[in-house]
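So you can see what is in the structure, the chains are spelled out below.
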Amino acid sequence: MGAVTHAFRLLRRLLAFAGGRRYRLWLAVGLAALAAITGLAPAVAVGRAVAIAADPDAMAATGLAGPVLLLILAMPARWILMLAASGLSHAVAYDVIHGFRLAVVEALGRLPLARIGAEGSGALRKALHEDLDRIELVVGHQTVDAAGAVAAPLAAVALIAWIDPVMALAAVVTLPVAVWFQKAMWRGIDDVVLRYVMAAAAMNGAVVEHIRGMAVVKSVAGRGGSVGGTAAKVRAYGAAMTAMGAAITGRWTGFRVALGAGLAVMLPVALWRHAAGAITLPDMVLVLMAGIGIAQPLLALTTLASLLKLLEAGLAAPLALIDTPVAPGRRDLPAGLEPRLRYQSVGLDRGGRAVLDDVCVEVPPGGFVALVGPSGAGKTSLAEMAARFTDPDRGRVTIGGVDLAGLEPEAVGQLVSILTQEVQLLNDSAAGNLRLARPEATPAEMAAAARAAGIHEVIMRLPEGYDTPLGERGQRLSGGERQRLALARALLREAPVLVLDEATAHADPETEAAILAALRRLRGRTTILVVAHRLATIADADRIVVLAGGRVADQGRHDELLARCPLYAEMWRTETAARGWRLRARDGTARDGTAGDGMAGDGTAGEGEGRP
């Protein structure tokens, strides 16, 4: 029973999320136990009715009024007790869910994004939706059912033993067999359940990504086409579910047979005891009715343990986040803190390799520093460290001499505002998305930030202006408009340090112009760190840091790097040449392009022509 005991420890852990209100569950358990005991009233009433019917004097004196009155009183009482127990248990279940969600949100707020991402979005999504529904099922339903599963057999055995101890022994003789099958059912099942939960999480994540990328799916796979990886994860989920069923089906069948075999044992023993004069006919009827399915309530205990087993595996990811220790950080910031961003011998490891190694970069107050380099050089990792999305494994990142790793997220948010190329908007209005940066922002302040980002006029053309719902992920706006709204949100924050992580990499010309115009207005007033893909957008930076292989290859101004840094010079020549490419169609006409190669107008490969 060790596995079952371990699963019930999870129930105690979950109840802790309800705080002091969890004790209402024990009241619900007590009421459910009383309801289960009251459920023996029909057996007692029938046994008493048989006894009265067999005694003409008793029948003439009172008739069946006693048994009927017992049923009239017991049945409503049982349902009232069950209703009260269910109401209390569901209240506790919703308290648990509420407390659990708050704990997860608190953990998401205090942990670096890299630590959160290690658990996988699919596992977290499954835990916070499907598995939370199981919490309601376990706490709201199965706990009170389990209370009845314990109370009903104990009360029935006690009643039968009071009438005839031999019949009580016959009533429980199949229980050890059922318990053996139950233990066998859980033996070695941990890995199978874990594989099922992991497969379900992987499938959920893949299906969500498949739906989000449906436009791409249809374009590359044709109408109704499917991504092979998604289909493989669905098949893996089906295989895991089949394996779990195969692992327990035989032992589950034996368990159910043992539970239902009680009457097959009790009936011949009851006839023998009646023939021997040990029990009367009314008592035999009462014993058989009380003993029918006496082991069946144990099924509720097994169901509860099964659900707890699935919950234990399913909630592993969010519980790991909740349990991750984080040293308390500072919430207060020194007065007059100098907005000087400094990376001091920073190192970062991922997957057994060094993503960053001994990186030293400084952005002075009001300075404009750009990070450039080939893909995988570590540019985004450095940008994320400034916002404490991730912490360095070696070295430290400071602002004004204060180590960011020692600050609470709220304090870091006061210092740093970040804009990434992947815009995240909530299913809210334009004003709601802007106020994520500053909840107390006035309409005039939001409009000023939107004007600076070149999005104010777009918002005002919406049906309800700033109060217009933007839809899921801001789908009411175009990609460029979403990026400008995100820029307005970053500007509204008015943080002393602004970090842009390739914010113009996929921007349309209008959005790129809005971002660059905003940067020009902020220069000298805000400390700016930019991760750049297009070198032309940062050629006038105060300093450009060239990264390669996770280390600083060189740093300086644009002209200095062109003269002494071969990597930067090659990147600049490549970009300049790419801007000058043209496509020549087969008819000899030329078309301007922005890529080094491309497709001609008729869909066949065109011929690239370099223009220095």
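Scroll up for the structure.
In what follows, the accompanying structure is described.

The rules behind each value
Residues numbered from 1 in each chain as written. Predicted model: local features only at pLDDT ≥ 70, side-chain atom pairs only at ≥ 80, totals over all residues. Heavy atoms only, no water. Helix = DSSP H or I, 4+ residues; strand = E, 2+ residues; numbered from the N terminus. Buried < 20%, exposed > 50% of the residue type's maximum accessible area, 1.4 Å probe, protein only. Contact = heavy atoms within 4.5 Å. Areas by Shrake-Rupley, 256 points an atom, 1.4 Å probe, with all protein chains shown as cover. Pairing = 2+ DSSP bridges. Axes fitted to C-alpha atoms, helices over the stretch in contact; angles between N-to-C directions.

Turning our attention to the overall build of the protein. Along the protein, the regular secondary structure elements total 25 helices and 13 strands. Going through the 612 residues of the protein one by one, you find that 44% of them count as buried. Considering only contacts within the protein whose residues lie at least 6 apart along the sequence, 75% involve residues at least 24 apart. A total accessible area of about 29,300 Å² is found for the protein, and carbon and sulfur atoms account for 61% of it.

Turning next to unusual backbone geometry. The phi dihedral of Arg388 is positive, around 55 degrees, even though this residue is not glycine. Among the secondary structure elements, Arg388 is positioned in the loop between α17 (379-386) and β4 (394-399). Given a relative accessible area of 14%, Arg388 falls into the buried group. With a phi close to 55 degrees, Glu494 is a non-glycine residue in the positive phi region. Structurally, the position occupied by Glu494 is in the loop between α22 (479-493) and β7 (497-501). By relative accessible area, which is 60% here, Glu494 ends up exposed.

This paragraph deals with the sheet that holds strand β3 (residues 368-372). An order of β6-β7-β8-β3-β9-β10 is seen for the six strands of this open sheet, with the pairing classed as mixed. Lying at the two open borders of the sheet, with one neighbouring strand each, are β6 (416-420) and β10 (551-556). Sheet twist, expressed as the average angle between the axes of neighbouring strands with direction ignored, equals 15 degrees. With four bridges joining them, β3 and strand β8 (residues 527-531) adopt parallel strand pairing. Looking across to β8, one finds that Phe368 is bridged to Ile528. Packing of α17 onto the sheet brings it into contact with β3, β6, β7, β8 and β9 (543-548), and relative to β7 it is tilted by some 150 degrees. Each of β6 and β7 touches α22; the most contacted strand, β6, lies at about 175 degrees to it.

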